[in-house]
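Summary of structural features
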Amino acid sequence: MTGCAITLSYPRRNLIDLSDFSAEEVNALLALAADIKKNPAAYQDACRGRVMATLFYEPSTRTQLSFQTAMLRLGGSVIGFDNPGNSSVSKGECLTDTTTIVSGYSDVLVIRHPKEGAARAASLKSKCSVVNAGDGGHLHPTQTLTDLLTLSQEKGRLTGLTIGLCGDLKNGRTVHSLIRAMSAYPGNRFILISTPYLALPDYSKAVLEASGCAYEEVSSLEEAIPQLDVLYMTRIQKERFESEEAYRQEKDVYILTKEKLEKGKQDLLVLHPLPRVDEISYEVDDDPRAMYFDQAVYGMYVRMALVYTLLLGTPAPLTDTFIKAPAHTCSNPNCITRSEPNLPHYYVMETGSEQCAYCSHAPLR
Amino acid sequence: MTGCAITLSYPRRNLIDLSDFSAEEVNALLALAADIKKNPAAYQDACRGRVMATLFYEPSTRTQLSFQTAMLRLGGSVIGFDNPGNSSVSKGECLTDTTTIVSGYSDVLVIRHPKEGAARAASLKSKCSVVNAGDGGHLHPTQTLTDLLTLSQEKGRLTGLTIGLCGDLKNGRTVHSLIRAMSAYPGNRFILISTPYLALPDYSKAVLEASGCAYEEVSSLEEAIPQLDVLYMTRIQKERFESEEAYRQEKDVYILTKEKLEKGKQDLLVLHPLPRVDEISYEVDDDPRAMYFDQAVYGMYVRMALVYTLLLGTPAPLTDTFIKAPAHTCSNPNCITRSEPNLPHYYVMETGSEQCAYCSHAPLR
Amino acid sequence: MTGCAITLSYPRRNLIDLSDFSAEEVNALLALAADIKKNPAAYQDACRGRVMATLFYEPSTRTQLSFQTAMLRLGGSVIGFDNPGNSSVSKGECLTDTTTIVSGYSDVLVIRHPKEGAARAASLKSKCSVVNAGDGGHLHPTQTLTDLLTLSQEKGRLTGLTIGLCGDLKNGRTVHSLIRAMSAYPGNRFILISTPYLALPDYSKAVLEASGCAYEEVSSLEEAIPQLDVLYMTRIQKERFESEEAYRQEKDVYILTKEKLEKGKQDLLVLHPLPRVDEISYEVDDDPRAMYFDQAVYGMYVRMALVYTLLLGTPAPLTDTFIKAPAHTCSNPNCITRSEPNLPHYYVMETGSEQCAYCSHAPLR
């Protein structure tokens, strides 16, 4: 693909991808979140007079309520919708018209959308900061910030941890993003607990190898659990197994029960991005090592820190350099460019290859 | 049923059933509500920095808006949903996982649910106070508080009143709860105006008799109205009549018209929990004795008093003693234990019989 | 029709029709909006402790978010719904019961409804100020206020402007209302750019003629554009063309492209009430004359000024004089009186003819 390079600079910072923030900025966010948790009253009027818009084009109650509470607990207020059927979308308005208009009413725009790249698209014309609250299976950076805050607060460090990742490691964006984040800190080691069919994809293993992070792949949660400092559970959907037979044979192996947990260390942390279906038995909830409900509360604090930083902080300015091509040719059928043909045709170069600037997929050949 | 007794104590008070509050506490709530109504400005920042979550698993606009306004007029803020289809429920998350997570974001959780016992279920794991805003046909304690505040403010007393209850006395939880509450005050007398088919059930008559409260059953609103201090109207749904023929013959008898109202005392109060369909003629609205729209406003004030008390008051600690049984065996098909099998199996002893701790029904034999 | 005259006076002002405000009051509103835009911090606590209810019986995301933001940026708070399926409407409650109850919770009630006359109906029994946020195809006065503020701020004047109105001039209430408003200011001139089939209706031309305002009707946007100070674009829906053939032949004529815009003056303003579908090419968005996204932001400021005035101002009291007739006989099938038979039967005399007091249509003969 050929095209001219275009550099965009933003008057206000966005969080579309966690890599929009430097390692120092992430650490500062975590420290701020910890301070807010300790002294909430000191921040309760920080964002008075400011407005957050939460535009949820698909339902995600927990994420939406977490962002809303974060803004309200900073003294700000909230507008938004959670039901695309009720929005102007039903009158055929394109995504960026809606987000541009609403960005004129608000100080920070939080967007959740089933299409990959939607948050990036919204950010191009937004009059205020944009936060990606999940774009299809692509990115969900505040979930990863939540995980980092939980670990740093409950373990006291982000280094030298043996982290078990259990369940569907093939399809979980949460897992891939956590690996990218934690492999940047020294001394961490991953135990990947899954079936061969649901194993971690090669591009995520490449991240581990590039960072020199130790890892091993195993198939038994029960055998792996004694050595773990952290067990990160994920949901395996029935339809994700190779076959009905594989499902019947394997599913119980990846369910955390009280019996399996008995083999874990006394200071093990059990995390889960929630919602849980049946991959953690309800009896586990009463164990002090079950940290997933507290993790959700940490999610609120880290979002407070993020909103505070975007609205009141003075982060370094950010620029993006895109290649403007004559047409969209993204290979991803779920890319926002497929449903919003009026978006500018932007690509980026990533380790020598072209990627769609919206959804990170390769162009069609 | 056999099982061990378990005593739960709550760090913060809930309002699941009106009996969770003592008579003194109810009277204090009514006095506080009256003071808030008189001096709203004195309370407008009382709950600044606090968050209410309204989780409405079935629509009830008036109740939800009333709770929300109560919190907002105390200076607090509100999150929540009114559309289960938009919530994580649709991803298969169990009720208590959702309520536990949201309780970690908020300071008071208001729940409305079509299943009986849902508010009790939410309260077991909640990290904050829980208020029952209606659980199926079971309980709706803030409606009764609304009725008590309206009577105490508009009549100046809760004693020595002749109260007509008109319409469907068989199915109305509002009526049963009002009878329980008002029969505890001395000198009240009830006139039960209904068809034999829609008459007050025996367990509610037992409440009247146990308290020594006078009552009589009549079939004509027109004949009963002259002696009343209060007329509490309820909706009779067509499908609640014994037969189509009974409906045609009887329905007009229980409609309050201007003509019937002319026979009422000058200081009669006409109440209705709303929504009204056609059981009160619209021409009655202009009569000063029609108090149902003011009653809705009293509902907002009593909810302000409740929220204030739960968040800022120092009510006596509450404990519940439950019997833990090996399995759920509630006889009520609409009980929350039927759809949420992971709930603990709790029963209580009530006047010598076992009752489901969630929905108050008897166990299966 | 015969009937007695009834004069209603309102303790608080409403905005149902823009004519509820005098020319002086409109000018004061615009001046206040300009001041708020310049000094937002001076107003950010003005409405603290006050509550707005937004009752949207049909979805209109932009309008609802604009009103909500207006209230929040004044320090007030917001309740409401945007989904009639979730409201008590589904239990058969009539419109005015719902609005009366909610008006008891709030300080200003903003209503959007698909039936014409719904806002008037709500205002008759409301306990607080009512704002019409669109009643069917009838009135939408805050859109017109938005247009006036945009023109006065971006042009510096509301007089001596040549205004092109382009597209569907037959069905657009926005256009008719703007004509009524701008023809009251001296020296304005209208160029009506449309097909004969979608031309401005006679009653709207009568407004122009009565005010002595110059206008001409043309069919080519390209030819008209050089002389314009303002180009007000509207959507032409495909089904509004006379025939499929007419649609194919004519549609491109009314689309604003970069090429057509090149012929416009350097200080031309392009407005659009939004949502836009394809009547303005996306490439036009980057032209500094494209003012439609800024127009949406002006809409927020003018609503702040309106809410401020209704809640805190001391506008002259308003009275309405209606003729009470024995029955509703409005000729408009979409009139609120058709679906709400319990409304009082009110008419008004307008230039010698009877009009429905709700929807302004003539009575049935």
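The paragraphs below set out a description of the structure included in this document. (Residues numbered from 1 in each chain as written. Chains lettered and ligands numbered in written order. Predicted model: local features only at pLDDT ≥ 70, side-chain atom pairs only at ≥ 80, totals over all residues. Heavy atoms only, no water.)

Looking at the overall build of chain A
In terms of regular secondary structure, chain A is built from 12 helices and 13 strands. Relative to the globule expectation of 21 Å for 365 residues, the C-alpha radius of gyration of chain A, 21 Å, shows essentially globular dimensions. In terms of principal-axis extent, the alpha carbons of chain A reach across some 55 × 55 × 40 Å. In chain A, buried positions account for 61% of the 365 residues. Taking all contacts inside chain A whose residues are at least 6 apart in sequence as the whole, residues at least 24 apart take part in 71%. On chain A, roughly 13,800 Å² of surface is accessible, and the fraction owed to carbon and sulfur atoms is 49%. With 36 positive and 43 negative side-chain charges, chain A shows a spacing of 5 Å between the two charge centroids. (Helix = DSSP H or I, 4+ residues; strand = E, 2+ residues; numbered from the N terminus. Rg over C-alpha atoms; globule rule 2.2 N^0.38 Å. Buried < 20%, exposed > 50% of the residue type's maximum accessible area, 1.4 Å probe, protein only. Contact = heavy atoms within 4.5 Å. Areas by Shrake-Rupley, 256 points an atom, 1.4 Å probe, with all protein chains shown as cover. Lys, Arg positive; Asp, Glu negative; His and termini not counted. Charge placed at Lys NZ, Arg CZ, Asp CG, Glu CD.)

Remarks on helix α6 (residues 141-155) of chain C
Residue and element names in this part refer to chain C. A rise of 1.5 Å per residue sets the reference length of α6, with its 15 residues, at 21 Å; its end C-alpha atoms lie 21 Å apart and thus fit the reference within 8%. Counting buried positions over the 15 residues of α6 gives 13, a clear majority of the element. Where α6 ends, the next residue or the one after it, Gly156, has phi of about 80 degrees, a positive value. (Expected span 1.5 Å × (residues − 1).)

Concerning the sheet that holds strand β11 (residues 318-324) of chain B
Residues and elements named next belong to chain B. Taken together, the four strands give an open sheet; going across it, the order is β1-β11-β12-β13, and neighbouring strands pair in antiparallel fashion. Both edges of this open sheet fall to β1 (4-10) and β13 (353-356), since each of them pairs with a single strand only. Along the sheet, successive strands turn relative to each other by an average axial angle of 45 degrees, direction set aside. Bridge analysis of β1 against β11 gives seven bridges, and the strand direction is antiparallel. Bridging across to β11, Cys4 finds its partner in Lys324. (Pairing = 2+ DSSP bridges. Axes fitted to C-alpha atoms, helices over the stretch in contact; angles between N-to-C directions.)

Here we look at the interface of chain B and chain C
Each partner contributes to the interface: chain B provides 27 residues, whereas chain C provides 27 residues. Between chain B and chain C, a total of about 2,400 Å² is buried, with carbon and sulfur atoms accounting for 54% of that surface. Taken together, the links from chain B to chain C amount to four salt bridges. Of the charged contacts, one joins Arg276 of chain B and Asp97 of chain C as a salt bridge, the two residues approaching to 2.6 Å between their closest N and O atoms. When contributions to the side of chain B that touches chain C are tallied by element, the ones reaching two or more residues are α2 (61-73) and α11 (292-312) of chain B. Broken down by element, the residue count for the side of chain B that touches chain C peaks at eight residues, all from α2 of chain B. Its residues assigned to classes, the side of chain B that touches chain C shows 11 nonpolar, seven polar and nine charged. (Buried area = accessible area lost by both parts, 1.4 Å probe. Salt bridge = Lys/Arg side-chain N within 4 Å of Asp/Glu carboxyl O. Nonpolar A, V, L, I, M, F, W, Y, C, P; charged D, E, K, R; others polar.)

Topic: the packing of aromatic side chains
Following the criterion strictly, the structure yields 12 aromatic pairs over all chains and no others. Over the ring of Tyr197 of chain B we find Lys170 of chain B; its NZ or CZ atom is 4.3 Å from the centre of that ring. The aromatic ring of Phe21 of chain C is capped on one face by Arg13 of chain C, whose charged end is 4.8 Å from the ring centroid. (Phe/Tyr/Trp six-rings, centres within 6.5 Å; stacked < 30°, edge-to-face > 60°. Lys NZ or Arg CZ within 6 Å of the ring centre and 35° of its normal.)

Details of the relation of the copies chain B and chain C
After a rotation of 120 degrees and a shift along the axis of 0.0 Å, chain B superposes on chain C with an RMSD of 0.0 Å. The symmetry that links the two subunits is that of a three-fold axis. When each C-alpha of chain B is compared by its distance to the rotation axis, Ser77 of chain B comes out closest, at 4.9 Å. Both copies present different contact surfaces, since only 7% of the interface residues of chain B are interface residues in chain C too. (Least-squares fit on C-alpha atoms with pLDDT ≥ 70 in both.)

Some thoughts on the relation of the copies chain C and chain A
Superposition record for chain C on chain A: RMSD 0.0 Å, screw rotation 120 degrees, translation along axis 0.0 Å. Of the residues that chain C buries at the interface, just 7% are likewise interface residues in chain A, meaning the two copies contact each other through different surfaces.

Regarding the pairing of strand β3 (residues 77-81) of chain C
Consecutive side chains of a regular strand alternate in pointing toward one face of the sheet and then the other. Residues and elements named next belong to chain C. What you see with β3 is a clean split: Ser77, Ile79 and Phe81 sit on the buried side and Val78 and Gly80 on the side with no burial. As judged from the five bridges shared by strand β2 (residues 51-56) and β3, these two strands associate in the parallel manner. The residue bridging Ala53 from the neighbouring strand is Ile79, located in β3. Handedness of the crossover joining β2 and β3 through helix α3 (residues 61-73) is recorded here as right-handed. (Right-handed = clockwise from strand over helix to strand, strands pointing away.)

Some thoughts on the interface of chain C and chain A
In this assembly, 28 residues from chain C lie in contact with 27 residues from chain A. Between chain C and chain A, the buried area comes to about 2,400 Å², and carbon and sulfur atoms account for 53% of it. For chain C, the biggest contributors to the area lost against chain A are Arg73, Tyr282 and Phe293 of chain C; these three give 23% of the whole. At the boundary of chain C with chain A, the tally comes to four salt bridges. Residues Asp107 of chain A and Arg73 of chain C are paired through a salt bridge, measuring 3.1 Å at the closest nitrogen-oxygen approach.

Here's the deal with the pattern of salt bridges
As enumerated under the stated definition, the model contains 48 salt bridges over all chains in all. Glu93 of chain C is the partner of Arg62 of chain B in a salt bridge, and the nearest nitrogen-oxygen pair spans 3.2 Å. On the criterion of chain membership, the pair formed by Arg62 of chain B in helix α2 and Glu93 of chain C in the loop between β3 and α4 (95-105) is interchain, its members lying in two chains. Here Arg62 of chain B and Glu93 of chain C have matching classes, each one buried. Its salt-bridge partner being Lys125 of chain C, residue Asp285 of chain B comes within 2.6 Å of it at the nearest N-O pair. Within this pair, whereas Asp285 of chain B is found in the loop between β10 (269-271) and α11, its partner Lys125 of chain C is found in helix α5 (residues 118-125), the two belonging to separate chains. By relative accessible area, Asp285 of chain B is classed as buried at 11%. Each of Asp97 and Lys125 of chain A together with Arg276 and Asp285 of chain C takes part in salt bridges that share partners, so that together they form one network.

Here's the deal with unusual backbone geometry
All names here are of chain B. A cis amide bond links Leu274 to the next residue, Pro275, at an omega of 5 degrees. Here Pro275 lies in the loop between β10 and α11. The residue Ser360 is not glycine, and still its phi comes out positive at about 70 degrees. In this fold, Ser360 is placed in the segment after β13. You can call Ser360 partly exposed: its relative accessible area is 35%.

These values are about where atoms sit, not about what they do.
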